[in-house]
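Residue-level structural notes
One letter stands for each residue in the lines below.
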Number of protein chains: 2
Amino acid sequence: MPRKRSKYHHGDLRAALIRAADDLITEGGIETFSLRAAAQRAGVSPAAPAHHFGSAKGLLTEVALLAYERVAQYLAEVGGSADPVADIRALSLAFVTFALDHPGHFRLMFRNDLVNRDDPRYPEIAIKPGERLALALAAYQGKSGMDLDRFEDAADIFCALSTLHGLADMVLAEKAAPFFRKATSRSFVKKQLPKVLERLYPRKKRTRI
Amino acid sequence: MPRKRSKYHHGDLRAALIRAADDLITEGGIETFSLRAAAQRAGVSPAAPAHHFGSAKGLLTEVALLAYERVAQYLAEVGGSADPVADIRALSLAFVTFALDHPGHFRLMFRNDLVNRDDPRYPEIAIKPGERLALALAAYQGKSGMDLDRFEDAADIFCALSTLHGLADMVLAEKAAPFFRKATSRSFVKKQLPKVLERLYPRKKRTRI
DNA sequence: CCCTCAATCTAAACGCCGTCAAGATATATT
DNA sequence: AATATATCTTGACGGCGTTTAGATTGAGGG
């Protein structure tokens with residue numbers, strides 16, 4: 001459809017605004033985004049988004065939901081091999097890599113002041129990365145699956161996910177520097193993080209302490 | 001000193017503004033804070049803070065530095081026993097408890113857009129919680145200390161710190177609910193988290209996978 | 001085919017925000 | 001006492017999200 005077939009009807013403004021917001025966040029993080037900037041990029045007035053999304057939070061919720069799907073894509077591109085150890089490491093690395101590739105989106109996903117957590121689509125989309133990791137963790141632990149009703153399983157998954165989130169968030173916040181000599185966050189993820197993950201998920205059984 | 005000895009001289013505006021900002025963040029998180037609100041609470045005009053802190057970032061940097069010291073206080077109140085296992089668990093619990101008690105400050109500490117990371121006081125203050133945890137982790141691992149020049153030590157500390165940060169951030173973001181049946185974040189930290197930490201830092205040696 | 005009507009977007013305004021420039025005032029210095 | 005400096009106010013600017021009223025467009029029913 002045409003980009004603008006008339007002054008008062010964009011054509012597909014809803015999708016255009018989501019794309020504009022997504023691009024803004026990609027380019028400069030959440031602090032670059034503003035509802036007016038997204039509207040301007042879509043070629044409409046500042047008040048136009050309100051009709052489609054209600055508020056800035058509504059638009060950012062769409063962007064966040066897309067971001068969760070993007071995480072799932074990152075995780076879908078690795079793992080699935082016959083080697084559970086390699087799988088869990090690769091998944092972990094992919095998770096942090098997503099954060100490094102899309103820092104604005106990664107941070108947005110944890111900004112409950114900017115994202116509507118009551119959106120009915122949220123629970124099933126947001127849980128998918130956790131489910132993917134749970135399967136890999138079960139295989140790593142030599143189990144056939146995880147049961148969230150078992151406290152031990154839930155605790156292990158939650159801890160593993162928290163560690164990955166923490167690693168990513170620490171790297172993005174430039175909090176890794178005191179512990180590793182590194183130039184950039186990217187070099188850390190490429191060079192040091194794989195070795196860290198080897199230590200976190202060792203191949204050989206070893207006593208824990 | 002008097003709260004206001006004259007119209008144009010507050011007396012100790014700098015401290016009053018820091019306190020006002022700290023209180024605002026305590027009451028309603030970072031989204032409640034504004035430079036104008038802090039100024040109003042201190043009883044001065046919106047432009048007054050500029051002279052003492054340059055910008056909102058300058059004021060928030062002071063609040064963030066205070067928050068790091070508060071984390072250190074939380075960590076100082078536990079541990080130090082003859083039981084390394086109990087210590088590392090208690091420290092971990094204290095860390096997450098701080099996040100739950102001061103969610104606004106916890107989040108502020110990771111907002112590099114709001115805090116001046118180039119402040120000369122930052123490195124030595126921000127590293128202290130990590131150092132405290134490093135000692136406890138060394139004891140837990142049966143070592144006398146940690147050497148950040150050893151990659152294995154740096155990796156272990158960074159992972160442990162990332163896990164704690166991740167746990168806290170996940171809890172604050174209400175991301176623990178899918179994994180645990182719980183009413184509030186507070187009840188999770190009180191009831192389930194100690195058991196999670198027992199699993200994370202077991203007393204008996206066991207094979208890791 | 002036209003006419004009505006609902007959907008869509010604009011224009012203008014409101015009250016916030018952080019920040020800057022200029023001016024007023026109080027304290028410190030000489 | 002006179003001057004200088006530090007401190008705070010006033011007023012303004014541009015940007016923000018959002019609201020209200022109005023203009024325009026596309027669609028469906030006679």
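Scroll up to find the structure.
Residues numbered from 1 in each chain as written. Chains lettered and ligands numbered in written order. Predicted model: local features only at pLDDT ≥ 70, side-chain atom pairs only at ≥ 80, totals over all residues. Heavy atoms only, no water.

**Quick look at the overall build of chain A**
In terms of regular secondary structure, chain A is built from 10 helices and zero strands. Taken from N to C terminus, the helices and strands of chain A fall in the order α-α-α-α-α-α-α-α-α-α. Projecting the C-alpha coordinates of chain A onto the three principal axes gives extents of approximately 70 × 40 × 30 Å. The proportion of buried residues among the 209 residues of chain A is 50%. Partitioning the contacts of chain A with sequence separation of at least 6, the portion at a separation of at least 24 is 65%. Total accessible area on chain A stands at roughly 10100 Å², and carbon and sulfur atoms take up 53% of it. For chain A, the separation between the mean place of its 32 positive charges and that of its 24 negative charges on side chains is 7 Å. (Helix = DSSP H or I, 4+ residues; strand = E, 2+ residues; numbered from the N terminus. Buried < 20%, exposed > 50% of the residue type's maximum accessible area, 1.4 Å probe, protein only. Contact = heavy atoms within 4.5 Å. Areas by Shrake-Rupley, 256 points an atom, 1.4 Å probe, with all protein chains shown as cover. Lys, Arg positive; Asp, Glu negative; His and termini not counted. Charge placed at Lys NZ, Arg CZ, Asp CG, Glu CD.)

**Considerations on the interface of chain B and chain A**
Contacts between chain B and chain A engage 53 residues on the former and 52 residues on the latter. A buried area of about 5000 Å², summed over both sides, lies between chain B and chain A, and 66% of it is on carbon and sulfur atoms. Residue aspartate 149 of chain B is joined to arginine 181 of chain A by a salt bridge in which the shortest nitrogen-to-oxygen separation is 2.3 Å. Between chain B and chain A we count 21 residue pairs in polar contact (both at pLDDT 80 or more) in total. At the level of elements, α9 (151-172) and α10 (185-200) of chain B are the ones that each hand at least two residues to the side of chain B that touches chain A. Among the elements that take part in the side of chain B that touches chain A, α9 of chain B stands out by supplying 18 residues, more than any other. (Buried area = accessible area lost by both parts, 1.4 Å probe. Salt bridge = Lys/Arg side-chain N within 4 Å of Asp/Glu carboxyl O. Polar contact = N/O pair within 3.5 Å; in protein donor to acceptor, adjacent residues only side chain to side chain.)

**Regarding the protein's contact with DNA strand C**
Residues in close proximity to DNA strand C total 22 residues, the closest being Ser45, His51 and His52 of chain A together with Leu35 and Arg36 of chain B. The sugar-phosphate portion of DNA strand C accounts for 66% of its atoms within 4 Å of the protein, the bases making up the rest. Contact distances for DNA strand C include 3.1 Å between a phosphate oxygen and a backbone N or O atom of histidine 10 of chain A. One of the backbone N or O atoms of alanine 56 of chain B is found 2.9 Å from a phosphate oxygen in DNA strand C. Elements represented by at least two residues in the surface near DNA strand C include exactly α3 (48-53) of chain A together with α2 (35-42) of chain B. Considering each element in turn, the surface near DNA strand C owes the most residues, three residues, to α3 of chain A. Of the residues belonging to the surface near DNA strand C, the class tally is 10 nonpolar, nine polar and three charged. (Near = heavy atom within 4 Å. Nonpolar A, V, L, I, M, F, W, Y, C, P; charged D, E, K, R; others polar.)

**A word on the protein's contact with DNA strand D**
In the vicinity of DNA strand D, 23 residues are found, and the nearest of them are Leu35 and Arg36 of chain A together with Ser45, His51 and His52 of chain B. Side-chain polar atom of histidine 52 of chain B to a phosphate oxygen of DNA strand D: 2.4 Å apart, as the coordinates give it. At the level of elements, α2 (35-42) of chain A together with α3 (48-53) of chain B are the ones that each hand at least two residues to the surface near DNA strand D. Ranked by residues supplied to the surface near DNA strand D, first place goes to α3 of chain B with three residues.

**Observations concerning the relation of the copies chain B and chain A**
For the pair chain B and chain A, the best superposition has an RMSD of 0.0 Å and corresponds to a rotation of 180° with a translation of 0.0 Å parallel to the axis. On this basis, the relationship between the two copies can be described by a two-fold rotation axis. By residue overlap, the copies meet face to face through one surface: 98% of the interface positions of chain B are interface positions in chain A. (Least-squares fit on C-alpha atoms with pLDDT ≥ 70 in both.)

**As for the nonpolar core**
Membership of the largest hydrophobic core comes to 144 residues, with the highest contact counts inside it found for Phe33, Leu108 and Phe158 of chain A together with Phe33, Leu108, Phe158 and Phe180 of chain B. The residues touching leucine 108 of chain B, leaving out its near neighbours within four places in the chain, are Ile25, Ile30, Leu60, Val63, Ala64, Leu114 and Val115 of chain B. (Core = buried A, V, L, I, M, F, W, Y, C linked by side-chain atoms within 4.5 Å.)

**A few points about the environment of proline 202 of chain B**
All names here are of chain B. Within the element layout of this structure, proline 202 appears in the segment after α10. A residue is classified by how much of its surface remains accessible, and proline 202, at 9% relative accessible area, is buried. A sequence separation of 191 residues divides proline 202 from glycine 11, and the C-alpha atoms of the two residues are 54 Å apart.

**Digging into the packing of helix α5 (residues 84-101) of chain B against α10 of chain B**
All names here are of chain B. Two elements in contact, α5 and α10, have axes whose closest approach is 10 Å; the angle formed by their N-to-C orientations is 160°. One finds that α5 runs roughly antiparallel with respect to α10. You can see that α5 and α10 cross each other, and the crossing is right-handed. On α10, the residues that touch Arg89, Ser92, Leu93, Val96, Thr97, Leu100 and Asp101 of α5 are Ser185, Arg186, Val189, Leu193, Pro194, Leu197 and Glu198. Split into classes, the residues belonging to the contact of α5 with α10 amount to seven nonpolar, three polar and four charged. (Axes fitted to C-alpha atoms, helices over the stretch in contact; angles between N-to-C directions. Parallel < 35°, antiparallel > 145°, perpendicular 65-115°, else oblique. Left-handed = near helix turned anticlockwise from the far one by under 90°.)

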